[in-house]
Amino acid sequence: MRSVDVIVLGAGIAGISAALHLQARGRQVLLLDRGPAGEEASRGNAGVIPRDGCIPHRLSASPLALGAQALGLRPEAHVSWRGLRHQLPWLRAFRDASASVGVSRYVRALAPVQAAAVGEHLALARAANALRFFRPTGLVKLHDARDAEAAELEAHFARIYGTDYSELSSVDLARLEPHLVARGLRAVYWPDGQSVSSPGGVTKAYARLLRERGGIIDTGDAQSLAGAQGTWSVRASRGVVEAGTVVVALGSWSADLLAPLGYAFPLAALRGYHLHLRPASGAGLSRPVADMARGFVLSPMERGIRLTTGVELAPRDAPARPRQMAQALAAARQIFPLGSPVDATPWLGTRPCLPDSLPVIGPAPAHPGLWFCFGHADTGFALGPATGRLLAEMIAGETPFTDPEAFSARRFAAGWEMLRFA
């Protein structure tokens, strides 16, 4: 039986980042997943590390909106009929958390993390020889009348937290992105964010850095986790490994592991698709562009222009549904001249989301040595290095760079008996 200081379960961006920060504090770390590092949601996103107004994703639980989402009428959000009855309590909780008090709480908690995100990424990228993936492009957001309120709210919080942004006239936008067509849309430029040309390449580079610094990366069964007398053990491909500390960073699979221990987190699966396309002849895109009303993002990548869809609230392991990507593609062609697809089929991945849209970062309430780092929703790639640092500071007994109370698992303590959402 091998022994290490910390076992990190989950080799996505959140788990790898936590492992690197713990390693930097002198811990011997084993990173364990069922497959290679960076093969799930960490590689399937828009590759944006934003510095914006930091408001949470919005989903409506009104009967009219739910009907439209369930029928697949709007590309920004689809809700699967399958399991809808079980998802309604989560949607109601999400709606309640999206009220003004909940949004203020969300921004207050995440704004300092987002402010640290670019710096934490670049520090890891520099050490991992991965700066070639990073570009100081900022982000353009497009809004129509349907999401005017959200745009104003985001600008409001940007002013409070000193985040730079500018409203673009049609001339300004044409200078910035000559091939973008945004007639009738409000364009806002957020200049301080970064984007990457390959989220999967970045994540795998960070994993290599962990190994080069002496960390262990192995495959195994996270469900084999067992604890006794202050020690945790798990079965890896090369035998059982034990440690005094375990970090659960399994994304959408975290609830499966924690339910037998008595933690029934209300974790929903927000699924998303992406597809790479060639730009039309002579066209180019130099930075990510997010159509906020219709939920898609166009982002220049190594493989072409990556189109990511809005969210799909559906059972985690349900078959892929092609309609949302088809809608997003039709909408994207209205604003940018896209050519033929590079990929044979769209990629599908799942992001874990809690009703208040905040991740769980910190200790397990009833199990010493067990720590949580999951539930980032659609901010995982962007914020993983920063939340990994926050978790490592807590485990090491250091003063955290921001108050972690808003991320505590105890905020769900009254609902441990709640249904677990697929």
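Because the structure is predicted, anything quoted here is derived from the model rather than measured.

A. Representation of the sheet that holds strand β6 (residues 134–135). One open sheet accounts for three strands, arranged β4-β10-β6; its pairing is antiparallel. Looking at which strands have only one partner, the edges of the open sheet turn out to be β4 (48–49) and β6. Pairing analysis gives two bridges linking β4 to strand β10 (residues 194–196), with the strands arranged antiparallel. Among the inter-strand pairings, Val 48 is bridged to a residue of β10, identified as Ser 195.

B. The pattern of salt bridges, seen in detail. Summed over all chains, the structure comprises 26 salt bridges. A salt bridge links Glu 39 to Arg 43, with the nearest nitrogen and oxygen atoms 3.7 Å apart. Residue classification places Glu 39 among the partly exposed positions, given a relative accessible area of 30%. Residue class for Arg 43 comes out partly exposed when judged on its relative accessible area of 29%. As a salt-bridge pair, Asp 52 and Lys 141 come within 2.9 Å of each other at their nearest N and O atoms.

C. Spotlight on the pairing of strand β11 (residues 216–228). Taken together, the four bridges between strand β3 (residues 29–33) and β11 define a ladder with parallel strand orientation. Residue pairing for β11: Leu 30 is matched across the bridge by Ile 216. Where β11 meets strand β12 (residues 231–236), five bridges bridge the pair, whose relative direction is antiparallel. Residue pairing for β12: Ala 228 is matched across the bridge by Thr 231. Turn length for the β11-β12 hairpin, with the two strands adjacent in sequence and antiparallel, is two residues, and the turn residue Gln 229 shows positive phi of about 55 degrees.

Rules behind the numbers
- Residues numbered from 1 in each chain as written.
- Predicted model: local features only at pLDDT ≥ 70, side-chain atom pairs only at ≥ 80, totals over all residues.
- Heavy atoms only, no water.
- Pairing = 2+ DSSP bridges.
- Helix = DSSP H or I, 4+ residues; strand = E, 2+ residues; numbered from the N terminus.
- Salt bridge = Lys/Arg side-chain N within 4 Å of Asp/Glu carboxyl O.
- Buried < 20%, exposed > 50% of the residue type's maximum accessible area, 1.4 Å probe, protein only.

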